[in-house]
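# Tertiary structure, described
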Protein chains: 2
Amino acid sequence: MQTLDLALPDTRYPIHIGRDLLKRVDLILPHLPVPQVAIVTNTTVAPLYLATLQNALENAGIACIPVILPDGEEHKTWVSLNRIFDALLEARAERKITLIALGGGVIGDMTGFAAACYQRGANFIQIPTTLLAQVDSSVGGKTAINHPLGKNMIGAFYQPRMVLADLSLLETLPDREISAGLAEVIKYALLGDDAFFAWLEEHIDALRGREHDALLYAVRRSIEMKAEIVAEDEREQGRRALLNLGHTFGHAIEAGLGFGAWLHGEAVAAGMVLAAELSREYGWLSQQDCNRIGYLIENAGLPVHAPDLGVANWKSLMSHDKKVEQGAIRFVLLERLGRAVLKGDVDDRTLDRVLTGDRVRPCAG
Amino acid sequence: MQTLDLALPDTRYPIHIGRDLLKRVDLILPHLPVPQVAIVTNTTVAPLYLATLQNALENAGIACIPVILPDGEEHKTWVSLNRIFDALLEARAERKITLIALGGGVIGDMTGFAAACYQRGANFIQIPTTLLAQVDSSVGGKTAINHPLGKNMIGAFYQPRMVLADLSLLETLPDREISAGLAEVIKYALLGDDAFFAWLEEHIDALRGREHDALLYAVRRSIEMKAEIVAEDEREQGRRALLNLGHTFGHAIEAGLGFGAWLHGEAVAAGMVLAAELSREYGWLSQQDCNRIGYLIENAGLPVHAPDLGVANWKSLMSHDKKVEQGAIRFVLLERLGRAVLKGDVDDRTLDRVLTGDRVRPCAG
């Protein structure tokens, strides 16, 4: 097991990475102010891992309230969130209860937001069960639900007390979800570490094959980079926005096709390809760089073509982005491989070329 | 105009108290990061004051999105909250928009919670239009909505950038609402300042008659006491819980009768009488003290008898209280007039005597 530490102005918390961590209640117990938890999970994860965690906790004398939600981004709504509140209040759960998120990014985001709001702030632990959640959403305290008019529009910055990234849980993950997680891994390399990008080009097959050492390195390096950026800019006043590389296009894809049609990682992958194209339009990336990015994303099992949403529709969807300021969409672009920048003054003609270019294809439907 | 300053570890903000402040956009403008606001108000307040505020802001070049919600505690729900989000997203409001709460405690609590959640944190200003909101809910950053199983169960600690307590707005307030606000004023005296209690005994008629100097003193002294306690304990880890004097009983009355049947201040008033009775059972308050408290509350135009909810029902309703820890209800009691304490080990027989005593009467229905 390896442990990283995320130090923020008001709090700090450990992120444990390793094998067979689900039964390690010794890691969890010190973070419970009262011996009561709610384990929030979904219909896919519950049959695989809920009993293991619940038994381990109950054997240690912890009362558990399981909350099993429907699986999928399309359920990241107020309706699901309210089912958590209903379960907590029906069980008369106190303010000091700990909510444990056992699931992917959707479960983590919703559980964290529920914890942020329950009696104005309950305790919260992340046990991410997907690669994407382990390398990205479980770390850093962004929590949210979706609104029909935009993804993650309703939420809070709310930090967990601990993150348990158990690589063993990835064994049951479908290949498509491994690929989706690799999209965020590639994102870290692109925005801040070209040596890591070269390492990924070498090890992409090992990662898709779930080789432990490769996964451990990729997960650790990703979390390290995220923790460093979040420590510097918890509330996304500045540098943290760079973590949204590919996400302005990606969120538009998800909203445009309907939440759940593409996995978040898939939309981000196609979005990063468009961000690379836009960076090439500004003369920052070479065609060769764009090709390398495209190859790596393709070799990760991810889409390199975005669906054609129509230029006006693209822009309308992107204008809901949380990075919009004074009406201007701010894009995360690449000055070079391994260096991202925020650009607020992208002109319409350049953007139009990208949105009607080679990397956009008619929707299959 | 008088100005108090609330200093917290992460932020500080001014609370202006005076006459004719609604048109004072010069006080508002410095707190707007972008020239766009949403004015959240209700169907009662909008016809009286929305145009004044909106015109003043628009004349200063500020874009305004008015959001008019139904009036009443029974509308302090997710449905109303979501109408704020809908309006913001339909207008493509940016993260840096300022939400202005123009209304009583319900509008203030919902607008603050909407600001806390919108894109994970928008800007927020309080313009309380009721006496209760001016002396209590607009100051200190507690925001929330109700859940069918408990009041204020879903919410956040989220501070405004400024509070504008315009006493002129109280001129249109119904007498019943003035009395409800006086309940919270009396609460401050009871929990921390016996000289203020004696002043209130002298000036209760002047306050009900809305005499400016009396109101100015009572509002200022109340906010001063609240700001001092909040500055010491923003997240209610300790002393801030004392501000809930009368509220454990009061919330049970509100939930037991259905939100909106009694005004919040009315329920708190009857709750403070029960808290005084419970304090007398412990030998802390004399019968004479209890009588003084009862007289003042009655002279403020407030109920001194709680509805008979049934002992089992009382306890069930109170067990949802946010101050419950490890199963025990924690009551705010009075050691003496002007000194409140938190008591966690109230025994059942003593509580039963109070819940079946003289200060509880059958519900009129």
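An unreviewed UniProt entry annotates chain A as 3-dehydroquinate synthase originating from Paludibacterium paludis. Under the UniProt heading Pathway (unreviewed entry), the note attached to chain A is "Metabolic intermediate biosynthesis; chorismate biosynthesis; chorismate from D-erythrose 4-phosphate and phosphoenolpyruvate: step 2/7."

### Thoughts on the packing of aromatic side chains
Residues and elements named next belong to chain A. Tallied over the full model, the rule gives 15 aromatic pairs over all chains. When the centroid spacing of 6.0 Å and the interplanar angle of 25° are considered together, the rings of Phe-196 and Trp-199 count as stacked. Here Trp-199 and Phe-196 lie together in helix α7 (residues 194–208), a separation of 3 residues that amounts to about one turn. Trp-199 matches Phe-196 in its accessibility class, with the two residues each being buried.

### Observations regarding the pattern of salt bridges
Between side chains of opposite charge, a pair can form when the charged atoms approach closely. Applying the stated rule across the entire model yields 52 salt bridges over all chains. Here A:Glu232 and A:Arg239 are joined by a salt bridge, their closest N and O atoms 2.8 Å apart. Classification of A:Arg239 as partly exposed rests on a relative accessible area of 33%. Two residues, B:Asp352 and B:Lys315, come together in a salt bridge whose shortest N-O distance is 2.6 Å. With B:Asp352 in helix α13 (residues 348–355) and B:Lys315 in helix α12 (residues 311–318), the pair connects residues that are 37 residues apart, well separated along the chain. One salt-bridge network, held together by shared partners, links A:Asp136, A:Glu184, A:Lys187 and A:Lys226.

### A short note on the relation of the copies chain A and chain B
Relative to chain B, chain A is turned by 180° and slid 0.0 Å along the rotation axis, the superposed coordinates differing by an RMSD of 0.0 Å. The symmetry that links the two subunits is that of a two-fold axis. For chain A, the smallest separation between a C-alpha atom and the rotation axis is recorded for A:Trp78, amounting to 4.3 Å. Mapped onto chain B, 98% of the interface residues of chain A are again interface residues, and the two copies thus contact each other with one and the same surface.

### Digging into the interface of chain A and chain B
Accessible area lost during the coming together of the parts is what is often quoted as the interface size. Between chain A and chain B, the contact holds 41 residues from the first and 40 residues from the second. Of the roughly 3700 Å² buried at the junction of chain A and chain B (both faces included), carbon and sulfur atoms supply 53%. Looking only at chain A, the three residues that lose the most surface to chain B are A:Trp78, A:Leu89 and A:Arg120, adding up to 22% of its buried area. Counting across the chain A and chain B interface gives 4 salt bridges. We note a salt bridge from A:Glu325 to B:Lys96, for which the minimum N-O separation is 3.2 Å. At the level of elements, α3 (78–90), α4 (105–117), β7 (142–147) and β8 (150–157) of chain A are the ones that each hand at least two residues to the side of chain A that touches chain B. Looking at side-chain class alone, the side of chain A that touches chain B contains 17 nonpolar, 11 polar and 13 charged residues.

### Points about the packing of helix α9 (residues 247–257) of chain B against α12(B)
Residue and element names in this part refer to chain B. Two numbers describe how α9 lies on α12: the axes approach to 9 Å, and their chain directions differ by 110°. Between α9 and α12, the angle falls in the class roughly perpendicular. Between α9, through Thr-248, Phe-249, Ala-252, Ile-253, Ala-255 and Gly-256, and α12, the contact on the second element is made entirely by Trp-314, Leu-317 and Met-318. A breakdown of the residues in the contact of α9 with α12 according to their chemical character gives 7 nonpolar, 2 polar and no charged.

### A few points about the sheet that holds strand β3 (residues 36–42) of chain A
Residue and element names in this part refer to chain A. Read from one edge of the open sheet, 7 strands run β1-β2-β9-β6-β5-β3-β4, paired in mixed fashion. The outermost strands of the open sheet, each flanked by one partner alone, are β1 (2–7) and β4 (63–69). Sheet twist, expressed as the mean angle between neighbouring strand axes with direction ignored, is 15°. Contacts between helix α2 (residues 46–59) and the sheet are confined to β3, β4, β5 (98–103) and β6 (123–128), with β3 contributing the most and set at about 170° to the helix. Helix-sheet contacts for helix α8 (residues 212–232) involve β1 and β2 (12–18), and the interaxial angle to β1 is about 15°.

### Some remarks on the domain arrangement of chain A
Residue and element names in this part refer to chain A. Looking at the assigned domains, one finds that chain A contains domain 1 (2–172) and domain 2 (175–361). Once you take the C-alpha centre of each, domain 1 and domain 2 turn out to be 26 Å apart. Facing the 35 residues of domain 1 at the interface are 36 residues of domain 2. Summed over both sides, the interface of domain 1 with domain 2 buries roughly 3200 Å², with 67% coming from carbon and sulfur. Inspection of the region where domain 1 meets domain 2 yields 4 salt bridges. Its salt-bridge partner being Lys-226, residue Asp-136 comes within 2.7 Å of it at the nearest N-O pair. The tally of links between domain 1 and domain 2 comes to 12 residue pairs in polar contact (both at pLDDT 80 or more). Of all elements in the fold, only β1, β2, α5 (131–137), β7 and β8 reach the threshold of two or more residues within the side of domain 1 that touches domain 2. The element best represented in the side of domain 1 that touches domain 2 is α5, accounting for 6 residues.

### A short note on the side chain of B:Thr98
Residue and element names in this part refer to chain B. In this fold, Thr-98 is placed in strand β5 (residues 98–103). What makes Thr-98 buried here is its relative accessible area of 0%. In this structure the side chain of Thr-98 is engaged in a polar contact, spanning 2.8 Å, whose partner is the side chain of Asn-123. In this view, Thr-98 contacts His-31, Leu-32, Pro-33, Gln-36, Val-37, Ala-38, Asn-123, Phe-124 and Ile-125; residues no more than four positions away in its chain are not counted.

### Remarks on the pairing of strand β12 (residues 339–343) of chain A
Residue and element names in this part refer to chain A. By the bridge criterion, 5 bridges tie strand β11 (residues 331–336) to β12 in an arrangement that is antiparallel. Bridged to Leu-333 within β12 is Val-341. Counted between consecutive antiparallel strands, the loop separating β11 from β12 contains 2 residues, among which Gly-338 sits at a positive phi close to 95°.

### Looking at the packing of helix α6 (residues 175–192) of chain A against α8(A)
Residues and elements named next belong to chain A. Relative orientation of the contacting elements α6 and α8 amounts to 55°, with a least axis distance of 9 Å. The angle between α6 and α8 places the two elements in the oblique class. For the pair α6 and α8, the sense of crossing is left-handed. Contacts between α6 and α8 involve Val-185, Tyr-188, Leu-191 and Gly-192 on the former and, on the latter, Ala-218, Ser-222, Met-225, Lys-226 and Ile-229. Grouping the amino acids of the contact of α6 with α8 by side-chain chemistry returns 6 nonpolar, 2 polar and 1 charged.

Basis of the calculations
- Residues numbered from 1 in each chain as written.
- Chains lettered and ligands numbered in written order.
- Predicted model: local features only at pLDDT ≥ 70, side-chain atom pairs only at ≥ 80, totals over all residues.
- Heavy atoms only, no water.
- UniProt positions renumbered as here; feature names shortened; annotations may be inferred.
- Phe/Tyr/Trp six-rings, centres within 6.5 Å; stacked < 30°, edge-to-face > 60°.
- Helix = DSSP H or I, 4+ residues; strand = E, 2+ residues; numbered from the N terminus.
- Buried < 20%, exposed > 50% of the residue type's maximum accessible area, 1.4 Å probe, protein only.
- Salt bridge = Lys/Arg side-chain N within 4 Å of Asp/Glu carboxyl O.
- Least-squares fit on C-alpha atoms with pLDDT ≥ 70 in both.
- Contact = heavy atoms within 4.5 Å.
- Buried area = accessible area lost by both parts, 1.4 Å probe.
- Nonpolar A, V, L, I, M, F, W, Y, C, P; charged D, E, K, R; others polar.
- Axes fitted to C-alpha atoms, helices over the stretch in contact; angles between N-to-C directions.
- Parallel < 35°, antiparallel > 145°, perpendicular 65-115°, else oblique.
- Pairing = 2+ DSSP bridges.
- Domains from an automatic or database assignment.
- Polar contact = N/O pair within 3.5 Å; in protein donor to acceptor, adjacent residues only side chain to side chain.
- Left-handed = near helix turned anticlockwise from the far one by under 90°.

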